[in-house]
Amino acid sequence: MKKLMIGNQAVAAGLHDGGLGVVSSYPGTPSTEITEFLSKYDDIHSEWAPNEKVAAEVAFGASLAGARSACAMKHVGLNVAADPLFTLSYTGVNGGMVICVADDPAMHSSQNEQDSRHYAVAAKVPMLEPADSAEAYSFARSAFALSEQFDTPVLLRMCTRIAHSQSIVETWDAEPAVRKEYVKNPAKYIMMPGNAIKRHPVVEARTEALRDFAENCEYNTVEMNSDEIGIITSGCSYLYVKEVFGESASILKIGMPYPLPVKIIREFAAKVKKLYVIEELDPIIETHVRSLGIDVIGKEMFSPLGEFSQQTIAAAFGMEAKPSVSAESPIPPRPPMMCSGCPHRGMFYVLSKNKITVLGDIGCYTLGAVAPLNALDSTLCMGASVSGLHGFNAAGGSDTEKRSVAVIGDSTFMHSGMTGLVNVAYNATNSTVIILDNSITGMTGHQQNPTTGYNIKGDPAAKVDLEALCRALGINRVRVVDPYDLAACETAVKEELAVAEPSVIISRRPCVLLKNVKLNPPLSVDADKCRSCKRCMKLGCPSISLKDGKAKIDNTLCVGCGVCKQLCAFDAIG
Amino acid sequence: MKTKSVMIVGVGGQGSLLASKLLGRLLTDEGYDVKVSEVHGMSQRGGSVVTYVRYGDKVYSPIVTEGEADVIISFEKLEAARYARYLKQGGKIVVNTQQIDPMPVIIGAAEYPDGVLTELTDKGVSVQALDALSLANEAGSPKTVNIVLMGCASKEFDIPYDRWIKAIENTVAPKFVEMNKKAFDLGYHA
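Residues numbered from 1 in each chain as written. Chains lettered and ligands numbered in written order. Predicted model: local features only at pLDDT ≥ 70, side-chain atom pairs only at ≥ 80, totals over all residues. Heavy atoms only, no water.

**Some remarks on a positive patch on the surface**
- Together, Lys3(A), Lys40(A), Lys21(B) and Arg25(B) line one region of the surface with positive charge.
- With respect to the helices and strands, Arg25(B) occurs in helix H1 (residues 16-29). (Patch = residues over 30% accessible without salt bridge, like charges linked within 9 Å, V, L, I, M, F, W, Y side chains within 5 Å. Areas by Shrake-Rupley, 256 points an atom, 1.4 Å probe, with all protein chains shown as cover. Salt bridge = Lys/Arg side-chain N within 4 Å of Asp/Glu carboxyl O. Lys, Arg positive; Asp, Glu negative; His and termini not counted. Charge placed at Lys NZ, Arg CZ, Asp CG, Glu CD. Helix = DSSP H or I, 4+ residues; strand = E, 2+ residues; numbered from the N terminus.)

Written out as structure tokens, the structure is:
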């Protein structure tokens, strides 16, 4: 059947049709849809795990039990799952196991643009890299056989442009999911020193065998067109190269970036006068080619920064730019921002107004950093707000404890905020942690998590009681506020900062984009009463703008949250 | 056929994903090779969003670069201007005249360039501007802005009216089909 699919849907279809039994993932752009699409199949077990480490370990357990298993995560998620990954390389698998990892060159929705291929090299695990949805389907599907043949987990590398681009996929009959027998094998699966030391040579031998496989596999292909220019490339870079050169250059397309072939590269290099490597981010292929003593042009011509396009490649080869027209007026940027009625806004307004130092985290609420709220001081990685605040206060003492907080979302708190909070209690700083509980994993597009009371399929599930959890972790002062109530937020923040013990404020109100949230009628400004003081403008609400000197509320955007009304000293908003 | 490039641009939340879904499906049914590149995640939150649609006998790159777009369909005035440099010579911009102020304008750090479409037409760019929001309201819901714009832009494709209508029937939830067909027709005749 031929169908237009985004790459992530194709990965899901490939995994399913390849006989997947269990998938466990944590959402993260641009990987989220892999698991969302998998959750629509009723013949597999799918779940959202609290974080990527848990997800990878669930996939390991399922593989151990004999099922074909998978997990999916964004590039930084693999940092979290790196611990199981490196030793999974030693244990190998029972049922085939695929770890999908999606890189985000140009950082469309990420905090860095690290290159996941380093993990394949470092963990000595084979990696496949599709260039379009059709390959995403076939590579994901065949990855299980590769995994079982070589007794190794397989990394499937996606990037934003492949994950979120639709192209035509032809699927074929699904393999039935078969569970292999589980046989106790301590020497293979118990990685204590005496056993692990015997597994390391197995890993090295496997890598050698995979190198041989790389010379003759379906994943690496050669298109000989010219003896002048030869280009080694992979993933979406291949698409841009084809767009620019068509049939006028020879191409070695690498679909398996680890381990890389040697013979194919030597033969290809010998047949062309000038050899290039075109790859986004780090020079992984280029370094390999150079290690073979082959002269090649790579990162001196193609940047390690951001995404490529047909334009960047054409420009690097000195081709003339296509003529284009621009407007003369400066075009103001349109950065992303918190939505109208976003429950995070009220709390950020209070923090910003009181000039409180805010250690931030990863989620929609990272947007508290942008003007006019400018409320954040740091954002590092999932969970770093809570542990970072503890360190900030360990260094600063009562000086910083009285004017700094951490903000973290409900899902991120489940992911890796809890351990930081244990540390706050155990190692005793008077830190104030604000959990921005909007009852959903927001930024990645509304996934359920352990605090929402629903599982991936939307069925009722065990619900973590955040208040009870925080108390159990050793925090005695736990209180809940409604972020639409500015006075209550301000009182809570001031009181908890003042007390000489750690505390948690749960700022609770569901995301305004959730379907079951009842919206209020839009508010409007009485222009006669408005004195143009611009206090309401300090909220950075996209519904409020200034027209002819007076505040004006866009009634197509406003959801009547009423936060601006509380700021108006002249009763002009109603 | 040589690859043709379309860009659908607008503000996160305006419904450009449905427009690209409709167009992608229709072009696939017409027998073309098709690639559609979407935006997910943070940039969707009220930011400037762009979707690329490319079709032809064989499409490689999923993205459109400067001077390449045959058609730009813009859900908002400023966004049309932002991406105008992607238009190829002889290409066409179909733009909704709606103005949505970006945050730098809201807080007074920048100005919304009012005459920006005239600037483009003065430079010889073919621009068709329409009040798609009013037409969408006339069709029954402001949410049909995307289909109004597709109706207007449909004339830039070599695909007959009936096939667009059929694609709407196949893409939109049954209870919204009539409203969207009306929206398409209003855009088509705008």
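**Considerations on the packing of aromatic side chains**
- A full pass over the atoms with the stated rule returns 17 aromatic pairs over all chains.
- Ring centres of Tyr32(B) and Tyr55(B) lie 5.0 Å apart, and the angle between their planes is 65°; on these two criteria the pair is classed as edge-to-face. Of the two residues, Tyr32(B) sits in the loop between H1 and strand E2 (33-37) while Tyr55(B) sits in strand E3 (residues 48-56), which places them 23 residues apart along the sequence.
- Aromatic rings pair up to connect Tyr32(B), Tyr55(B), Phe157(B), Tyr161(B), Trp164(B), Phe184(B) and Tyr188(B) into one cluster.
- Over the face of the ring belonging to Tyr238(A) we find Lys253(A), whose NZ or CZ atom lies 5.4 Å from the ring centre.
- One cation-aromatic arrangement involves Lys155(B) over Tyr188(B); the distance from NZ or CZ to the ring centre is 5.4 Å. (Phe/Tyr/Trp six-rings, centres within 6.5 Å; stacked < 30°, edge-to-face > 60°. Lys NZ or Arg CZ within 6 Å of the ring centre and 35° of its normal.)

**Notes on helix H20 (residues 486-498) of chain A**
All names here are of chain A.
- Between its terminal C-alpha atoms H20 stretches 18 Å, which fits the 18 Å expected from 13 residues at 1.5 Å a residue.
- Residues Leu486, Cys489, Glu490, Ala492, Val493, Glu496 and Leu497 constitute the buried set of H20. Angularly, the buried residues of H20 cover 165° about the axis, an arc narrow enough to put them on a single face. (Expected span 1.5 Å × (residues − 1). Buried < 20%, exposed > 50% of the residue type's maximum accessible area, 1.4 Å probe, protein only. Arc of directions from axis to C-beta.)

**Regarding the interface of chain B and chain A**
- On the chain A side, the residues contacting the 55 residues of chain B number 55 residues.
- Summed over both sides, the interface between chain B and chain A buries roughly 4,800 Å², with carbon and sulfur atoms accounting for 59% of that surface.
- With a closest N to O distance of 2.9 Å, Glu243(A) and Arg54(B) form a salt bridge.
- Run the count over chain B and chain A and you get 24 residue pairs in polar contact (both at pLDDT 80 or more).
- Elements that contribute at least two residues to the side of chain B that touches chain A include exactly H1, E2, E3, helix H2 (77-83), strand E5 (87-96), helix H3 (103-106) and helix H4 (116-122) of chain B.
- Broken down by element, the residue count for the side of chain B that touches chain A peaks at five residues, all from E2(B).
- Its residues placed into classes, the side of chain B that touches chain A shows 26 nonpolar, 13 polar and 16 charged.
- Where strand E8 (residues 165-170) of chain A lies against E2(B), three bridges are found, and the strand directions are antiparallel. Note on E2(B): the bridge partner recorded for Ser167(A) is Lys35(B). (Contact = heavy atoms within 4.5 Å. Buried area = accessible area lost by both parts, 1.4 Å probe. Polar contact = N/O pair within 3.5 Å; in protein donor to acceptor, adjacent residues only side chain to side chain. Nonpolar A, V, L, I, M, F, W, Y, C, P; charged D, E, K, R; others polar. Pairing = 2+ DSSP bridges.)

**Considerations on the sheet that holds strand E13 (residues 357-359) of chain A**
Residues and elements named next belong to chain A.
- With parallel pairing, the five strands of this open sheet are ordered in space as E13-E14-E15-E17-E16. Each of the sheet's edge strands pairs with one partner strand only, and the pair in question is E13 and strand E16 (477-481). Each strand of the sheet is rotated relative to its neighbour by a mean of 25°, with strand direction disregarded.
- When E13 meets strand E14 (residues 404-409), the two strands line up parallel, connected through three bridges. Opposite Val358, over in E14, you have Val405 as the bridge partner.
- Contacts from helix H15 (residues 344-353) reach E13, E14, strand E15 (432-437), E16 and strand E17 (503-508) within the one sheet, and its direction differs from that of E15 by about 155°. (Axes fitted to C-alpha atoms, helices over the stretch in contact; angles between N-to-C directions.)

**A short note on the confidence of the model for chain B**
- Of the residues in chain B, 98% have a pLDDT of 70 or more, and the chain-wide mean is 93.
- Across chain B, element-level confidence peaks in strand E4 (residues 69-74) of chain B with a mean pLDDT of 98 and bottoms out in H3(B) with 90. (pLDDT = per-residue confidence, 0-100.)

**Some points on the side chain of Thr171(B)**
All names here are of chain B.
- Counting through the fold element by element, Thr171 comes out in helix H7 (residues 161-171).
- A distance of 2.6 Å separates a polar side-chain atom of Thr171 from the backbone oxygen of Ala167.
- The contacts of Thr171, once residues within four sequence positions are left out, are Leu18, Lys21, Leu22 and Arg25.

**Topic: the state of the cysteines**
Residues and elements named next belong to chain A.
- Taken as a whole, this structure holds zero disulfides over all chains when the rule is applied.
- The structure places no disulfide on Cys71, whose sulfur is separated from the nearest cysteine sulfur, that of Cys100, by 7.1 Å.
- Residue classification places Cys71 among the buried residues on the basis of a relative accessible area of 0%.
- Take Cys568: it sits in no disulfide, and the sulfur closest to it among the cysteines is that of Cys533, at 6.2 Å.
- Its relative accessible area of 21% is what places Cys568 among the partly exposed residues. (Disulfide = S-S within 2.5 Å.)

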